[in-house]
Amino acid sequence: MGSANTTGSVARKARIEEMRRAEQARERRGRVLVIGGSVVAVVALVAGGVFVVRSQSGDDAPAADSKASGNFVTGKDGVRTWKGKLGRTHVTRTVKYPTEPPVGGDHNQVWMNCNGDVYTKALNNMNAVHSLEHGAVWVTYNSKASKADVDALAAKVKKTPYTLMSPDDAQPDPIMLTAWGNQRTVTGAGDPNVDTFFAKFVQGQQTPEPGAACTGGLPQ
């Protein structure tokens, strides 16, 4: 059993390292695509008289639900798994999610950088959900979390590809971990469930778009 777990862990680390190397090439291609997409957007603006809603603002567009329907089912391991539908459409309007932090649903076409990125301000959920779609684990905390735990978790995130971290004062618990369709609360940075969640869900089987970039998105 121990040998099998070790082999699986080594394979996962090797796969993530391979993805990290490949991201450099994807990021270069992504810059070209972003520039090209910007030109197309400007042409569409002039020709069609439409407006582009910035990824970080939803004030000019009506809010809509996330096309998420279902409910959480809590497993014996304490992980809450969403049972139901999670939309995956790219939208520009503000999306209202049924959970905080959200575990999936329709989202902005631009993801938050999630290559071990630690943010000091709350994120736009619509961008962060796109990161979850790429297989990232999102660590969030509110004002009740201790500074020691926040610092320790930030150090862990910084050395782990396909993760990101940010404050979220709207969430119900001090520290929460989120992956696409999965979420749990942990007691602190030393909670063994942190490592377990990372091992299972960083580029885990729940990932809708495995290997998709976690760089070349928004840096906040």
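Each remark here, short or long, concerns the structure printed above.
Reference entry: report on the structure contained in this document. All figures in this text were calculated on a predicted structure; none of them were measured in a lab.

Rules behind the numbers
Residues numbered from 1 in each chain as written. Predicted model: local features only at pLDDT ≥ 70, side-chain atom pairs only at ≥ 80, totals over all residues. Heavy atoms only, no water. Helix = DSSP H or I, 4+ residues; strand = E, 2+ residues; numbered from the N terminus. Buried < 20%, exposed > 50% of the residue type's maximum accessible area, 1.4 Å probe, protein only. Contact = heavy atoms within 4.5 Å. Areas by Shrake-Rupley, 256 points an atom, 1.4 Å probe, with all protein chains shown as cover. Expected span 1.5 Å × (residues − 1). Arc of directions from axis to C-beta. Pairing = 2+ DSSP bridges. Axes fitted to C-alpha atoms, helices over the stretch in contact; angles between N-to-C directions. Polar contact = N/O pair within 3.5 Å; in protein donor to acceptor, adjacent residues only side chain to side chain. Core = buried A, V, L, I, M, F, W, Y, C linked by side-chain atoms within 4.5 Å. 1 Å grid on protein atoms, 1.4 Å probe; cavity = no way out; pocket = protein on both sides within 12 Å on 5 of 7 lines; lining within 4 Å. Points joined across faces, edges and corners; volume = space filled by probe spheres on them. Nonpolar A, V, L, I, M, F, W, Y, C, P; charged D, E, K, R; others polar.

Here we take up the overall build of the chain. From N to C terminus, the chain includes four helices and nine strands. Shown N-terminal to C-terminal, the secondary structure of the chain runs as helices and strands in the order α-β-β-β-β-β-α-β-α-β-β-β-α. Out of the 220 residues belonging to the chain, those deemed buried represent 45%. Within the chain, contacts between residues separated by at least 24 positions form 70% of all contacts whose residues are at least 6 apart in sequence. Approximately 11,500 Å² of the chain is accessible, and the part contributed by carbon and sulfur atoms is 56%.

The next thing to look at is helix 3 (residues 147–158). Its twelve residues give helix 3 an end-to-end C-alpha distance of 16 Å, which sits within 8% of 16 Å, the value for a rise of 1.5 Å per residue. Those residues of helix 3 lying buried are D149, V150, L153, A154, K156 and V157. All buried residues of helix 3 project into a common sector of 160° when viewed along the axis, lining one side. Of the exposed residues in helix 3, the ones pointing more than 90 degrees away from its buried face are K147, A148 and K158. Packed against the buried residues of helix 3 are strand 5 (115–118), strand 6 (137–141), strand 7 (163–167), strand 8 (175–179) and helix 4 (192–201).

Strand order across the open sheet formed by seven strands is 2-3-9-8-6-7-5, with mixed pairing between neighbours. In this open sheet, the two edge strands, each paired with only one partner strand, are strand 2 (68–74) and strand 5. In this sheet, neighbouring strand axes are inclined to one another by 20° on average, regardless of whether the strands run parallel or antiparallel. For strand 6 and strand 7, the ladder comprises five bridges, and the chain directions are parallel. The residue bridging V137 from the neighbouring strand is T163, located in strand 7. Packed on one face of the sheet, helix 4 meets strand 6, strand 7, strand 8 and strand 9 (182–185) and runs near 10° to strand 8.

Attention shifts here to the side chain of T140. Along the chain, T140 turns up in strand 6. Of note is the side chain of T140, whose polar atom sits 2.5 Å from the side chain of Q171. Those residues within four positions of T140 in sequence are excluded, and the remaining contacts are P101, S166, D168, Q171, P174, I175 and M176.

This next bit is on the nonpolar core. L164, M165 and F198 are the most contacted members of the largest nonpolar core, which totals 42 residues. At the level of secondary structure, the elements contributing two or more residues to this core comprise strand 3 (80–86), helix 2 (125–133), strand 6, helix 3, strand 7, strand 8 and helix 4. Every residue in contact with M165, bar those within four places of it in the chain, is listed here: D117, V118, Y119, W138, V139, Y141, V150, L153, A154 and V157.

Let us look at helix 2. Of all nine residues in helix 2, nine are buried, a share of seventy percent or more. Where helix 2 is concerned, the buried positions are N125, M126, N127, A128, V129, H130, S131, L132 and E133. The inward-facing, buried residues of helix 2 contact strand 4 (95–96), strand 6, strand 7 and strand 8. Regarding helix 2, its N-cap is N124, as a side-chain oxygen of that residue lies 2.9 Å from the backbone nitrogen of M126 further along. G135, located one to two residues past helix 2, shows a positive phi value of around 95°.

Moving on, we get to empty space enclosed by the protein. Applying the stated criterion across every chain, the model contains one cavity of 30 Å³ or more. Taken as a whole, the largest cavity spans an internal volume of roughly 30 Å³. Residue lining of the largest cavity: A68, W82, L86, Y97, P98, T99, P102, V103 and G104, and that is the complete set. For the lining of the largest cavity, a count of residues per class yields seven nonpolar, two polar and no charged.

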